Amino acid sequence: MNLLRFALRRLLFAVFVLFGVLTITFVLSHLLGGNVLQAWFGKEYVLHPNLVALYQKTYHLNDPIWVQFVYYFVGILRGNLGFSPSRGFEPVSQVIEQTLPYTLQVVLTAFVVCVVIGLALGIVSARYYKSPVDRFIRVFYIGAYSSPPYFIGVVVLIIFAYYFRILPSGGYYNPAIANQPTVITGLPIVDSLVEGNWAYFASAARYLILPSLALALATFGIITRVARSALLDVMQMDYIRTARAKGLEEGKLFSRHALPNAAVSLITISSLVMTFLITGSIFVEIIFSYPGIGPYLQLALQNEDYPGIIGVTLVFAAIIVTTNFLADVLYAYADPQIRLG
Amino acid sequence: MSRKLGRPGSTPSLLDAKGLTVCYETGMGRVKALSSVDLAIQGREFLAVVGESGCGKTTLGLSLIGLLPPKSARVTGGSIGYKGVDLAHLSQSELRHYRGSEISMIFQEPLTSLNPLRRVGNQIAEAIILRKERKEGRTGPGETGLRVYDSRSSDIPRLPRFGKKLPRSLRSEVSELLRLVRIPDPEQIIDRYPFELSGGMRQRVMIAMALSQQPALLIADEPTTALDVTTQAQVLRLMSEIRDKLGTTIVLVTHDLAVASQVADRVIVMYAGEIVEDASIYELFSDPQHPYTKGLLACIPKGTRRDASLVPIKGSIPDLTIERVGCKFQPRCPYSMQRCSEKDPVLVRTKENHEVACFLYG
Amino acid sequence: MRNTSLGGFRSFLRMLRRSREAILGFAIVLAYLLVGLLVELADLLHFHLLPYSVTQSSGAPLSPPSLAHLLGTDNLGRDLFSRMLSATPYDVAIGYVVVGFALVVGLLLGGYAGLRGGILDELLMRFTDVFFALPVLLIALVIAAALNSQGLTETAIALMIVWWPAYARLARGEALKVAHQNYIEAAKLSGQGSVRMLFRHVLPNISGTMLVYATLDLGTVLLTYSGLTFLGLGVHPPTPDWGAMITTYKDYILSAPWLAFFPGLTISLGVIGFSLLGDGVKEAREAR
């Protein structure tokens, strides 16, 4: 089946890219003073010489470089991303384990909001082509995606937390009124739902709104622009004319023939959207003091914590490559010419 | 302002266009694509509308079914009488009830005219379902918009979601239709996507789709232009059969007189938005009267003899943004007289089954 | 077939003038450029242009915008307006520097690869594939971090390294389109060297599209760069920079929101200006 072959090819490509990224980070770790221990423990590590010798033996640090690379590679696969000096030498993987769920919460919520707003505005814009509504929407989304995500965060903060004071300006839940849920899926807000921990859910949701909203606002412009042009293009297509000639009513025509064909172009940009969301989440989390990967990355940057920086980059790279792969496969599935031809 | 074609005492026409005028707004001005066209189409007729690009034949076809591009084209005069209703002045939602069920249309490019993401059988089934819905009165003309919220009739099947194949209840009907248009192995074809079929097959699918709602009138806009000659002949033969077996009136729009000659009973020649000659196929080819028609016939390559040269018509079609007085063909006409630049000739009957708009004949 | 004749250029300008958005975009871009130039010149000539000192306190801390201090003062009493003005040269210049570099390198590498094809082309594609799969910001981050110090130059270099692959890919694509034209084949047959062909035939024809892309891209550089400074790279306090200012002032949002607001607004406006101009240029070209 062609789809399988296509998926395999994309998978291979994804692996290739990740491998490339790993190589780059490996090369970089060695450039930093040529000492892997520096890469793991930061620029100024102080270790007992015995400990150093132990590490050198365990991780084959005195072996030729390609051997080191292999062990590095295996180490990463095992989850060893080094130790983070900016967090008291806590293992990077552990830090990421603690922060990733919150980033995912923001990103996924923002994704949903973003797609909803983006699609809705795109459809309205296409329907009322060249009308004042269309112009206004255009101004709105250009302004939105031209603004840095943290600026939108600032604006949203000012409006809701400073001016109206109805939503909190920082944090992720109010410990005074709720307890954290036990770990089931890994996403605290989902876990609390599953558990029935409504106090936490309500509180966490309250703190999640602003960061997700800011992130969604920063990103929806891409979707609106593509949806609008895709819809406009599709409506000019001959098969729309055929559907009309059949006597099909506009509503069904739109949902059965126009939207699906336009949606295919949207799948293509969904990976771009994810990329924007992930990089944007860094900024938004910092502005709202949301305990995701963003603030940790900033901390690592400020302290020249290379293990942290590289670890975060690798994790993000993995997420993005995976989403790209999924989007490619989804697109191939949707387009019958690829699926069957 | 013409006398009707047809034998005296014949049945009233199926469709009667009177004084139909259609204008386009283009970047370069307003174009009168159709100027006061009078046309009466009889039931069971195979009518060919012939002319160069830009003569208005496609516009005529689109106006009959109400598919003129709404943003740029408007019917600025005249009427289209069909079963007692003036189609030219109906709203889009009212027109919708006639489309597919009474008047149907197929287009030139079968590949782009079919939705690339849906299986061919599904698209035909969509039309069948529309017919059933209409029969049930769920979407009929004259509806005031009251939705009757009774439970969905279990007789009308639902169109399957994307990618899914048709349920058995619809497959037999679709198969029947495909057999009607002489598609081999219909059961296989139902599940194919448009890109998997050849041009000729796709056009047959379009025809099947157009016929599925059993329309009284089928308009075909250059259906064979994108096909190779052999397939062309097959499709034309098919259309002839459909007229014979089902009694559907067919209007074939084409630039190719040779195509028309293969299947039509009656030919209308159009030029610059006007009908210049209207005759039975026999009459037109044995006694072409309008100078333009004569020129068209002379254009048809006559064979491979060394001295057989191509005879084009001098000049080019007029700029329709400019309103001219007099006969539109006059600048290119080898027989033009003083009268021709003063007044625009109207259709005049010269023989039985033959009308022409030219001052040479009165 | 050159499409950069003088007559064509003039009609192109005329088209540009017709679009209101393009004019607005141009006005904004021009304004930013002028301010940046002025401030830099004033600095070089030790001319007192800024109303107040950039590093010293000149008023009561955290005071809102007033007549004396147009945009208010920050937590150390420094005038915000002056600080923002003094940051202009860097934030504006970085876009042009990075895009300029990327454009040149991309044109040369991509154009040559597209023209020649073969292994060089494959290598370029694979190499840039890795860059494409990841967000620019991340890679720039890593590189900037890797280069030992994290000053302005290093950040600029990191951006430049990260930016050119997109241009190379684009140039390659365009060059491929041109390379298959008949006159190129003819030139190849007549023994013209590839480099010569590159400069004579390929580059003039693909420059148009590339320039359009570059114009649109200027805003993206500004966005990314201010993202980096926001995270702490590039400039160190007390040097002012729009993105960096937002990080510093975010802690004061609830007491002095204007501090974080205005720098952000300036960045957004700058990017919008570039976007509008870029869009206008694109449409003017297409209308031809």
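All figures in this text were calculated on a predicted structure; none of them were measured in a lab. (Residues numbered from 1 in each chain as written. Chains lettered and ligands numbered in written order. Predicted model: local features only at pLDDT ≥ 70, side-chain atom pairs only at ≥ 80, totals over all residues.)

J.: Whenever I open this one, the overall build of chain A confuses me. Can you help?
T.: Scanning chain A from terminus to terminus reveals 14 helices and 2 strands. Residue burial in chain A is summarised as follows: out of 341 residues, 44% are buried. The contacts of chain A with a sequence gap of at least 6 include a subset with a gap of at least 24, amounting to 72%. (Helix = DSSP H or I, 4+ residues; strand = E, 2+ residues; numbered from the N terminus. Buried ≥ 20, exposed ≤ 12 C-beta atoms within 10 Å, placed from the backbone. Contact = placed C-beta atoms within 7 Å.)

J.: How do you make sense of the overall build of chain C when you look at a structure like this?
T.: A tally of helices and strands in chain C yields 10 helices and 0 strands. Counted from the first residue to the last, chain C has its helices and strands arranged as α-α-α-α-α-α-α-α-α-α. Taking all 288 residues of chain C together, 48% fall into the buried category. Considering only residue pairs separated by 6 or more positions, chain C has 70% of its internal contacts joining residues 24 or more positions apart.

J.: Just to check I follow, could you spell out the packing of helix α5 (residues 92-127) of chain A against helix α12 (residues 293-302) of chain A for this structure?
T.: Two measures define how a pair of helices packs: the angle their axes make with one another and the distance between the axes. Residues and elements named next belong to chain A. One can describe the packing of α5 onto α12 by two numbers: an axis separation of 8 Å at closest approach and a directional angle of 135°. Judged by the inter-axis angle, α5 sits oblique to α12. The residues of α12 that touch α5, namely those facing Val95, Ile96, Thr99, Leu100 and Thr103, are Ile293, Gly294 and Tyr296. Residues belonging to the contact of α5 with α12 are distributed by class as follows: 5 nonpolar, 3 polar and no charged. (Axes fitted to C-alpha atoms, helices over the stretch in contact; angles between N-to-C directions. Parallel < 35°, antiparallel > 145°, perpendicular 65-115°, else oblique. Nonpolar A, V, L, I, M, F, W, Y, C, P; charged D, E, K, R; others polar.)

J.: Hey, could you run me through the interface of chain A and chain C in this one?
T.: A common way to express how large an interface is: the accessible area buried when the components associate. Contacts between the two partners involve 36 residues from chain A, matched on the other side by 32 residues from chain C. Elements with a minimum of two residues in the side of chain A that touches chain C: α1 (2-31), α6 (132-146), α7 (149-163), α11 (250-287), α12 and α13 (306-334) of chain A. Partitioned by chemical class, the residues of the side of chain A that touches chain C number 25 nonpolar, 11 polar and no charged.

J.: Teacher, can you tell me more about the interface of chain A and chain B here?
T.: Taken residue by residue, the interface counts 18 residues in chain A and 23 residues in chain B. Mapped by element, the contributors of at least two residues to the side of chain A that touches chain B are α10 (238-245), α11 and α14 (336-340) of chain A. Along the lines of polarity and charge, the residues of the side of chain A that touches chain B split into 7 nonpolar, 6 polar and 5 charged.

J.: Can you help me understand the confidence of the model for chain C in this one?
T.: Close inspection of predicted coordinates is inappropriate for parts of the model with low pLDDT. Residue and element names in this part refer to chain C. Residues of chain C with pLDDT of at least 70 account for 89%, and the chain-wide mean is 81. Of all the helices and strands in chain C, helix α1 (residues 6-18) carries the lowest mean pLDDT, 64, while helix α9 (residues 242-249) carries the highest, 88. Segment residues 1-6 is flagged for pLDDT under 50; beyond a separation of four residues in sequence, or across chains, it makes 5 contacts in the model. Predicted complex, confidence summary: ipTM 0.82, pTM 0.81. (pLDDT = per-residue confidence, 0-100.)

J.: Explain helix α2 (residues 20-44) of chain C here, please?
T.: Residues separated by three or four positions in an α-helix point in the same direction, a consequence of the helix having 3.6 residues per turn. All names here are of chain C. The end-to-end C-alpha distance of α2 is 36 Å, a good match for the 36 Å that 25 residues give at a rise of 1.5 Å each. All of the buried residues along α2 are Ala22, Gly25, Val29, Tyr32 and Val39. Looking at the residues trailing α2, positive phi occurs at histidine 46, about 55°. (Expected span 1.5 Å × (residues − 1).)

J.: I'm lost on the pairing of strand β10 (residues 274-280) of chain B in this one. Help?
T.: Regular strands show a simple pattern: their side chains alternate between the two faces of the sheet. Residue and element names in this part refer to chain B. Extensive coverage of β10 is indicated by the burial of 6 of its 7 residues. With 6 bridges connecting them, strand β9 (residues 266-271) and β10 associate as antiparallel partners. Bridge pairing links valine 269 to glutamate 277 in β10. What sits between the antiparallel neighbours β9 and β10 is a turn of 2 residues, in which alanine 272 has the positive phi angle 45°. Where β10 meets strand β12 (residues 354-356), 3 bridges bridge the pair, whose relative direction is antiparallel. Across the sheet, aspartate 278 pairs through a bridge with glutamate 355, a residue of β12. (Pairing = 2+ DSSP bridges.)

J.: What is the right way to read the environment of Leu68(B) from this model?
T.: Residue and element names in this part refer to chain B. Inspection of the secondary structure assignment puts leucine 68 in the loop between α1 (57-65) and β4 (73-82). Classification of leucine 68 as partly exposed rests on a count of 19 C-beta atoms within 10 Å. When the C-alpha positions of leucine 68 and arginine 204 are compared, they lie 24 Å apart, and in sequence the two are 136 residues distant.

J.: Would you take a moment to explain the packing of α11(A) against α13(A) for this structure?
T.: Residues and elements named next belong to chain A. Where α11 contacts α13, the two axes come as close as 9 Å, and the packing angle between them is 170°. By the angle class used here, α11 and α13 are roughly antiparallel. Of α13, the residues touching α11 (which contributes Val264, Ile267, Thr268, Ser270, Ser271, Met274, Thr275 and Ile278) are Phe316, Ile319, Ile320, Thr323, Asn324, Ala327, Leu330, Tyr331 and Ala334. Taken together, the residues of the contact of α11 with α13 sort by class into 11 nonpolar, 6 polar and no charged.

J.: Just to check I follow, could you spell out the sheet that holds strand β5 (residues 85-86) of chain B for this structure?
T.: Across a sheet, strands are paired by hydrogen bonds formed along the backbone, either parallel or antiparallel in direction. All names here are of chain B. Pairing is antiparallel in the open sheet, where 4 strands are placed in the order β2-β1-β4-β5. The open sheet terminates on both sides in strands that have one partner only, identified here as β2 (29-41) and β5. Taken together, the 2 bridges between β4 and β5 define a ladder with antiparallel strand orientation. Within the sheet, the bridge partner assigned to tyrosine 82 lies in β5 and is valine 85. Of the strands in this sheet, β1 (15-26), β2 and β4 touch α1, which is tilted by about 70° from β2.

J.: Got a minute to help me understand the nonpolar core in this structure?
T.: Looking at soluble globular proteins, one finds that nonpolar side chains tend to be buried together. Core analysis: the biggest nonpolar cluster contains 165 residues, and Ala140(C) and Leu159(C) have the highest contact counts within it. The leading source of residues in this core is helix α9 (residues 198-235) of chain A, at 20 residues. Look past the residues within four positions of Ala140(C) in its chain and what remains in contact with it is Ala158(C), Leu159(C), Val162(C), Thr224(C) and Leu228(C). With 101 residues, the next largest nonpolar core counts Leu34(B), Leu114(B), Met209(B) and Ile219(B) among its residues. (Core = buried A, V, L, I, M, F, W, Y, C linked by C-beta atoms within 7 Å.)

J.: Would you mind going over the sheet that holds strand β11 (residues 348-351) of chain B with me for this structure?
T.: Residues and elements named next belong to chain B. Pairing is mixed across the open sheet formed by 8 strands, whose spatial order is β6-β7-β8-β3-β9-β10-β12-β11. Either end of the sheet is taken by a strand with one partner, and the two such strands are β6 (103-106) and β11. Averaged over all adjacent pairs, the angle separating strand axes in this sheet is 20°, with direction ignored.

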